[in-house]
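# Structural features, examined
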Amino acid sequence: MTENPAFPHPVYRDTVLAPLFDGIKAHFAGHVNAINRAHLVMLHETGIISTDQGQTIAAALQDIERDLGADKLIYTGEHEDFFFLVEAELERRIGEPGGMLHAGRSRNDMDHTMFKMALREKTERLTEQVLHLVDALIVKARCERDTLVVAYTHGQPAQPTTFGHYLSAVVECLLRDAARLDLASDSLDLCPMGAAAITTSGFPIDRHRVSDLLGFEEPQLNSYGCIAAVDYVTGLYTAIKLVFLHLGRVAQDMAHWSAFEAGQLHVPDSLVQVSSIMPQKRNPVPIEHLRHLSSVTAGLCDAIVNTMHNTPFADMNDSEGDVQEAGFAVFERGARALSLFAAFLPSCSINASRVETNSDTSCVTITELADTLVRDEGLGFRRAHGIASATARTVVERGVGLARGFDVFADAFEAETGRATVLTPGAYATAVAPETFVLRRDRPGGPAPTALDRAIEAYAGKARECRGRLEARTARRARAAAMLESAFNALLEE
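Residues numbered from 1 in each chain as written. Predicted model: local features only at pLDDT ≥ 70, side-chain atom pairs only at ≥ 80, totals over all residues. Heavy atoms only, no water.

### Description of the overall build of the chain
Counting secondary structure elements, the chain contains 17 helices and six strands. Along the longest, intermediate and shortest principal axes, the C-alpha atoms of the chain span 105 × 50 × 40 Å. Within the chain, buried positions represent 49% of all 494 residues. For the chain, long-range pairs separated by at least 24 residues make up 76% of all intrachain contacts whose partners lie at least 6 apart in sequence. Surface accessibility of the chain: about 23000 Å² in total, with carbon and sulfur atoms responsible for 54%. For the chain, the separation between the mean place of its 47 positive charges and that of its 65 negative charges on side chains is 7 Å. (Helix = DSSP H or I, 4+ residues; strand = E, 2+ residues; numbered from the N terminus. Buried < 20%, exposed > 50% of the residue type's maximum accessible area, 1.4 Å probe, protein only. Contact = heavy atoms within 4.5 Å. Areas by Shrake-Rupley, 256 points an atom, 1.4 Å probe, with all protein chains shown as cover. Lys, Arg positive; Asp, Glu negative; His and termini not counted. Charge placed at Lys NZ, Arg CZ, Asp CG, Glu CD.)

### Some details on the packing of helix H1 (residues 10-45) against helix H4 (residues 107-143)
The geometry of a pair of packed helices is captured by two quantities: the angle between their axes and the separation between those axes. Direction vectors running N to C along H1 and H4 enclose 115 degrees, while the axes themselves pass 9 Å from each other. In this view, H1 runs roughly perpendicular relative to H4, as classed from their interaxial angle. For the crossing formed where H1 meets H4, the hand is right-handed. Contacts from Ile24, His27, Phe28, His31, Val32, Ala34, Ile35 and Asn36 of H1 reach H4 at Met110, Thr113, Met114, Phe115, Met117, Ala118 and Glu121. Its residues placed into classes, the contact of H1 with H4 shows ten nonpolar, four polar and one charged. (Axes fitted to C-alpha atoms, helices over the stretch in contact; angles between N-to-C directions. Parallel < 35°, antiparallel > 145°, perpendicular 65-115°, else oblique. Left-handed = near helix turned anticlockwise from the far one by under 90°. Nonpolar A, V, L, I, M, F, W, Y, C, P; charged D, E, K, R; others polar.)

### Notes on unusual backbone geometry
Note the cis peptide between phenylalanine 7 and proline 8, where omega equals 0 degrees. Mapped onto the elements of the fold, proline 8 is located in the segment before H1. Of note, histidine 154 is a non-glycine position whose phi angle comes to about 55 degrees, a positive value. Among the structural elements, histidine 154 can be located in the loop between strand S1 (148-153) and strand S2 (156-162). Residue classification places histidine 154 among the exposed residues on the basis of a relative accessible area of 81%. Its identity is not glycine, yet cysteine 363 carries a phi of approximately 60 degrees, on the positive side. Within the secondary structure, cysteine 363 is located in the loop between helix H11 (352-362) and helix H12 (366-377).

### Concerning the packing of aromatic side chains
Enumeration according to the criterion identifies 13 aromatic pairs in this entry. Seen from their ring centres, phenylalanine 409 and tyrosine 428 are 5.4 Å apart, and the 25 degrees between their planes marks the pair as stacked. Remark: tyrosine 428 occurs in helix H15 (residues 425-431) and phenylalanine 409 occurs in helix H14 (residues 406-417); sequence separation between them is 19 residues. Every member of this aromatic cluster is reached through a ring pair, and the members are Phe406, Phe409, Phe413 and Tyr428. Note that arginine 120 overlies the ring of phenylalanine 216, its terminal NZ or CZ placed 4.3 Å from the centroid. One cation-aromatic arrangement involves arginine 354 over phenylalanine 260; the distance from NZ or CZ to the ring centre is 5.9 Å. (Phe/Tyr/Trp six-rings, centres within 6.5 Å; stacked < 30°, edge-to-face > 60°. Lys NZ or Arg CZ within 6 Å of the ring centre and 35° of its normal.)

### With respect to the nonpolar core
Core analysis: the largest hydrophobic core is formed by 118 residues, its most contacted members being Leu40, Leu174, Leu214, Tyr237, Ile240, Phe331 and Phe344. Apart from residues lying up to four places away in sequence, leucine 174 is in contact with Val130, Leu133, Val134, Leu137, Val243 and Leu247. Counting 22 residues, the second-largest nonpolar core is a separate cluster that includes Cys363, Leu373, Phe413 and Tyr428. (Core = buried A, V, L, I, M, F, W, Y, C linked by side-chain atoms within 4.5 Å.)

### Observations regarding the environment of leucine 484
Among the secondary structure elements, leucine 484 is positioned in helix H17 (residues 449-492). Distance from leucine 484 to aspartate 212, taken between C-alpha atoms, is 8.8 Å for residues 272 residues apart in sequence. Leucine 484 has contacts with Ala34, Arg37, Ala38, Leu213 and Leu214, leaving out every residue within four places of it along the chain.

### What about the pattern of salt bridges?
Tallying each qualifying case throughout the model produces 35 salt bridges. Note that arginine 37 and glutamate 65 form a salt bridge whose closest N and O atoms lie 2.7 Å from each other. With a gap of 28 residues between them, arginine 37 in helix H1 and glutamate 65 in helix H2 (residues 51-67) connect regions that are remote in the sequence. For the salt bridge of aspartate 186 with arginine 473, the shortest nitrogen-to-oxygen distance reads 2.7 Å. Of this pair, aspartate 186 sits in helix H5 (residues 163-188) while arginine 473 sits in helix H17; the two residues are 287 residues apart in sequence, bridging distant segments of the chain. By relative accessible area, arginine 473 is classed as buried at 9%. (Salt bridge = Lys/Arg side-chain N within 4 Å of Asp/Glu carboxyl O.)

### Here we look at the environment of leucine 242
Tracing the backbone through its elements, the reader meets leucine 242 in helix H8 (residues 231-258). The exposure class of leucine 242 is partly exposed, given its relative accessible area of 24%. Once the C-alpha coordinates of leucine 242 and valine 139 are considered, the two residues, 103 residues apart in sequence, prove to be 23 Å apart. Other than its neighbours up to four places away in sequence, leucine 242 contacts Asp177 and Arg180.

### Observations concerning the pairing of S2
Pairing of S1 with S2, which is carried by six bridges, proceeds in the antiparallel orientation. Its bridge partner lying in S2, tyrosine 152 is registered against proline 157. (Pairing = 2+ DSSP bridges.)

### Thoughts on the environment of tryptophan 257
Mapped onto the elements, tryptophan 257 comes out in helix H8. Given the relative accessible area of 3%, tryptophan 257 is considered buried. Linking tryptophan 257 and glycine 378, residues 121 residues apart in sequence, is a C-alpha distance of 38 Å. Residues within four places of tryptophan 257 in sequence aside, it is in contact with Val149, Val150, Tyr152, Phe163, Tyr166, Ala262, Gly263, Gln264, Leu265 and Ile350.

### Things to note about the packing of H1 against H17
Running from N to C, H1 and H17 cross one another at 60 degrees; their axes reach a closest spacing of 10 Å. Judged by the angle between their axes, H1 and H17 are oblique. The handedness of the crossing between H1 and H17 is left-handed. Each of Ala34, Arg37, Ala38, Leu40, Val41 and His44 in H1 lies in contact with H17, whose residues at this interface are Leu484, Ala487, Phe488 and Leu491.

### Quick look at the side chain of serine 185
Inspection of the secondary structure assignment puts serine 185 in helix H5. In this view, serine 185 contacts Thr123 and Arg473; residues no more than four positions away in its chain are not counted.

Shape is all these values report; function is a separate question.
In structure tokens, the structure reads:
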């Protein structure tokens with residue numbers, strides 16, 4: 001068999017180079033153009049190239065961007081990749097000056113710069129969706145501040161709380177998730193340009209100028225790390241994974257709450273599917289989509305992070321083109337999940353009658369009865385706990401419900417203490433009422449209205465702070481884009 005010595009081998013071309021080229025066209029061409037323009041402006045301002053060279057290159061770049069738009073390009077294998085195609089086209093059009101554009105840079109620093117530019121835009125949109133969900137849940141939590149629900153531990157009814165209290169816990173977690181996304185965005189805001197292949201350049205390049213023109217906060221300092229670290233990838237996808245891992249747990253609760261046996265969550269008809277054969281079925285299928293979209297998104301994040309496992313701390317394709325593009329599926333699935341969550345949770349309501357029944361039959365307020373015995377009867381908590389436990393066990397066995405269990409309680413109290421309780425039937429009824437339970441939990445973080453109102457206001461403030469940081473990043477990018485356009489146009493007109 002005769003070996004074909006020409007590069008690229010047809011199979012390598014079709015399986016690697018062509019898909020990578022198409023990926024550049026689809027996701028990065030605009031960022032490559034911006035990098036070319038910013039680097040050119042810097043080369044001119046530092047005197048690395050002359051004004052005549054800068055003007056000639058600028059005009060040619062503008063023509064190439066117009067003539068070779070991404071929609072017009074088909075990979076032929078004539079040039080290894082998009083970068084070499086543009087460089088070859090520059091030299092074809094203007095000769096020797098075209099090769100000067102690459103002074104002081106490498107495909108290495110260009111690649112990681114364009115990857116960060118794409119990821120920061122996607123991350124900003126994803127963070128905005130997280131904050132939109134936070135805002136929607138804050139509104140819902142305020143509306144449901146006093147709406148009683150049964151809270152579960154280990155899959156069993158545990159204590160009463162409110163839907164607003166539950167949703168506030170979700171908000172608090174999402175705000176920490178948003179903070180992790182913000183921290184991951186800090187790495188995306190460090191510019192690799194000027195690192196060149198590994199060690200910067202012998203030319204007097206101005207890394208800060210290129211960073212500013214491209215909308216980064218500042219250059220990433222260590223040039224080796226610019227190329228090798230790729231923690232901007234692993235850190236980002238780890239932060240994203242946590243958003244959806246946590247939301248998947250909320251979806252699981254919604255599945256349990258809406259099940260016929262619990263029945264405390266009512267899903268409106270607009271979010272319910274029917275059975276093709278069973279007339280009685282109301283299937284809250286969106287919950288399943290929330291759960292699997294969250295799981296798929298988290299799994300895709302793992303796939304990207306795990307691709308970096310045991311790779312060399314050096315330049316490598318394991319963090320580049322194909323992997324970067326594969327990671328974009330995270331943002332697509334994640335966006336769908338966040339949109340569905342923001343529509344689903346605010347649309348649901350609580351079935352108050354089922355909550356009342358479930359609370360009474362499962363004795364979820366019994367902890368407050370024990371607390372009342374400590375306060376009003378002067379008992380130690382463990383002794384009070386024993387009386388309350390005996391009361392709960394007996395009313396459950398007899399099926400009478402805790403609210404009608406005063407006689408059972410009085411017998412259990414006397415059997416334990418040898419005396420009659422000082423609690424009247426009315427005082428007992430107050431002690432075991434879900435409303436009493438909630439109102440007495442007024443410490444910071446509790447479900448009582450005063451505590452919950454304070455917490456929700458704090459969450460709203462944190463959400464505004466997070467949105468302010470997000471808007472500052474977006475505004476910096478917009479200013480940079482205008483600054484780059486102005487500097488590039490000024491060079492054209494020199």
